[in-house]
Amino acid sequence: MICLGIESTAHTFGIGIATDKGKILANVLKPVITKKGGIIPNEAADHHVEVCDEAISEALETAKVKMKDVDLISFAQGPGIGHTLRVGAMTAKTLSLLHKIPLIGVNHCIGHLEIGKLLTDAKDPVLLYVSGANTQVIAFEEGKYRIFGETLDIGIGNMLDVFGREIGFGFPAGPKIMEMAAKGKRYVEIPYVIKGMDVSFGGILTNVTEKHRTGKHSKTDLCYSLQETVFAMLVEAAERAMAHTGKKELLLGGGVASNLRLQEMCRIMCKERGAKLFVPERQFLVDNGAMIAVLGLLEYNNGKRTRVEDSAIKPYWRTDEV
Ligand code: FE2
């Protein structure tokens, strides 16, 4: 059985093709990248409309399949930016009706968890999901996907991007902040905001922005201090979730998880508590269509169906409502 998955929750329009035997046949990513400024929802949606045809053709060609070979169309129904989600949902509905292929809408966050499990040896992990809009510690526990900890305001990637813009970077700023942080020498005290397994980044962003505007600290020291502080918060939340659930595996997901310093800190924590860390390759860490195809197949083969009339986007769809 072959599934074509469509990702469009934010900056990336992605088409993935996967089989129910767990093979990824194609994973085409078309992200929005800027030299200056962040993502503007309607402009990102225009970008997705523009690259849509190309992405589908490229994916079919790479997978060496034709539309008539596709048995299921899966799309990220939420959570995400309304403007961009609509492009993916419309594409999915059109393909489904035109080619008479069943449709399934899936939750983007759970896509990160399930593709991580498929591509690594992780069996029952705690997922630390860190991206632009999302920061969640997720695990499957007692028959349900549960959020053990999450951001109470903005996502970690969003915070890094806004600070990145403050110091002159375009989108995404995370990789450039990582480079700057590696050159930082002096730790500048930044608030450490965690309560139980929940974290918050709004106050930290204000604090570090104000520190930058005083002109007293170098950009490299600020990037270094910011990363050390917020990553320590994430590692603490993840470790607490692992202790609480008794799980011995940590899986990373989301674009921010490609940060090498975050990976290193997670590796140290896992080693210290005798747990295992799993990090999928970058194209499957960031938002991608393959994870939507993989989750679509998993849910379809467990009986889930989405009728066209139930396929409206769900921008605020929570992981624990699935
Ligand atoms: Fe994501």
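Residues numbered from 1 in each chain as written. Predicted model: local features only at pLDDT ≥ 70, side-chain atom pairs only at ≥ 80, totals over all residues. Heavy atoms only, no water.

1. Observations regarding the coordination of the iron ion
When a metal holds four donors in a tetrahedron, each ideal angle between them is 109.5 degrees; when it holds six in an octahedron, the ideal angles are 90 or 180 degrees. For clarity, the cut-off: Here the coordinating atoms are restricted to nitrogen, oxygen and sulfur within 2.8 Å of the metal centre, or 3.2 Å for Na, K and Ca, and because water is not among them the sites may look incomplete. Each helix is a run of H or I in the DSSP string that is no shorter than four residues. Each strand is a run of E no shorter than two, and both are numbered from the N terminus.
Within the protein, the iron ion binds to His 108 (NE2), His 112 (NE2), Tyr 129 (OH) and Asp 287 (OD); these donor distances fall in the range 2.1 to 2.3 Å. Sequence spacing among the residues donating to the iron ion works out to H-x3-H-x16-Y-x157-D. Placement of the pair is His 112 in helix H3 (residues 108–119) and Tyr 129 in strand S6 (residues 126–130), with a sequence separation of 17 residues.

2. Let's talk about the domain arrangement of the protein
What counts is decided by this rule: Start and end positions for the domains come from either an automated domain assignment or a database one. Every residue pair with non-hydrogen atoms within 4.5 Å of one another is taken to be in contact. Buried area is understood as the total, over both parts, of accessible area removed when two parts are fitted together, assessed with a 1.4 Å probe. Throughout this description, the term salt bridge denotes a Lys or Arg side-chain nitrogen within 4 Å of a carboxyl oxygen of Asp or Glu. Throughout this description, a polar contact denotes any pair of N or O atoms lying within 3.5 Å of each other; where both atoms belong to protein, one of them has to be capable of donating a hydrogen while the other can accept it, and for residues adjacent in sequence the pair is counted only when both atoms sit in side chains. Here the nonpolar group is Ala, Val, Leu, Ile, Met, Phe, Trp, Tyr, Cys and Pro; Asp, Glu, Lys and Arg are the charged ones; every other residue, Gly included, is treated as polar.
Once the domains are mapped, the protein shows domain 1 (2–112 + 284–321) and domain 2 (124–279). Inter-centroid distance (C-alpha atoms) of domain 1 to domain 2 is 26 Å. Counting residues at the interface gives 20 residues for domain 1 and 22 residues for domain 2. Both sides of the domain 1 and domain 2 interface together cover about 1,600 Å² of buried area, and 63% of this is carbon and sulfur. Linking domain 1 with domain 2 are 1 salt bridge. Among the salt bridges present, the one from Arg 318 reaches Glu 150, with a minimum N-O distance of 3.0 Å. Scanning the region where domain 1 abuts domain 2 turns up 8 residue pairs in polar contact (both at pLDDT 80 or more). Take the side of domain 1 that touches domain 2: its biggest share by element is 4 residues, from H3. Of the residues belonging to the side of domain 1 that touches domain 2, the class tally is 8 nonpolar, 7 polar and 5 charged.

3. As for the pattern of salt bridges
Between side chains of opposite charge, a pair can form when the charged atoms approach closely. Quick note on the threshold: Residue burial is assigned from relative accessible area. The probe radius is 1.4 Å, only protein chains are included, and a residue is buried under 20% of its type maximum, exposed over 50%, and partly exposed in between.
Taken as a whole and assessed by the stated rule, the structure comprises 18 salt bridges. The closest approach of N and O atoms between Lys 117 and Glu 114, which form a salt bridge, is 3.4 Å. On the criterion of helical spacing, the pair formed by Lys 117 and Glu 114 is a turn pair, its members being 3 residues apart in helix H3. Of the residues examined, Lys 117 reaches a relative accessible area of 24% and is grouped as partly exposed.

4. Some words on the environment of Glu 150
The topology assignment puts Glu 150 in strand S8 (residues 144–150). Note: C-alpha distance between Glu 150 and Leu 260 (110 residues apart in sequence) is 21 Å. With near-sequence residues (within four places) excluded, Glu 150 lies in contact with Thr 135, Gln 136, Met 197, Asp 198, Val 199 and Arg 318.

5. Thoughts on empty space enclosed by the protein
Over the atoms, a rolling probe the size of a water molecule traces out where space has been left empty. This is how it is decided: In this analysis the probe radius is 1.4 Å and the grid spacing 1 Å, with only protein atoms considered; a cavity is a set of points the probe fits into but cannot get out of, a pocket is an open set with protein on both sides within 12 Å along at least five of seven lines, and lining residues have an atom within 4 Å of a point. Grid points are joined across faces, edges and corners, and a volume is the space filled by probe spheres set on the points.
The tally for this structure, following the rule as stated, stands at 1 cavity of 30 Å³ or more. In this model, the largest cavity occupies a volume close to 30 Å³. Lining the largest cavity are Leu 128, Thr 135, Gln 136, Val 137, Gly 149, Glu 150, Met 197, Val 199, Leu 234 and Ala 237. Those elements that place two or more of their residues in the lining of the largest cavity are strand S7 (135–141), S8 and helix H7 (219–245). Looking at the lining of the largest cavity residue by residue, the classes come out as 6 nonpolar, 3 polar and 1 charged.

6. Section: the layout of surface pockets
Estimates place the volume of the largest pocket at around 1,400 Å³. Around the largest pocket, the lining comprises 50 residues; the ones closest to its centre are His 11, Ser 131, Gly 132, Ala 133 and Asn 134. If you list the elements that add at least two residues to the lining of the largest pocket, you get strand S3 (24–31), S7, helix H4 (156–166) and helix H5 (174–182). Examining the composition of the lining of the largest pocket, we find that 6 residues originate from one element, H4, more than from any other. For the lining of the largest pocket, the class distribution of residues is 23 nonpolar, 20 polar and 7 charged.

7. Focus: the sheet that holds strand S11 (residues 249–253)
Which entries qualify depends on this criterion: At least two DSSP bridges between two strands are needed for those strands to be called paired. For every element, the axis is a line fit to its C-alpha atoms; helices are fit only across the contacting stretch, and the angle between N-to-C directions ranges from 0 to 180 degrees.
The sheet built from 5 strands is open, its strands ordered S8-S7-S6-S11-S12 with mixed pairing. Each edge of the sheet is formed by a strand with only one pairing partner; in this case those strands are S8 and strand S12 (276–278). Neighbouring strand axes in the sheet, compared pairwise and without regard to direction, differ in orientation by 25° on average. The sheet strands contacting H3 are S6, S7, S8 and S11, and the helix crosses S6 at an angle near 125°.

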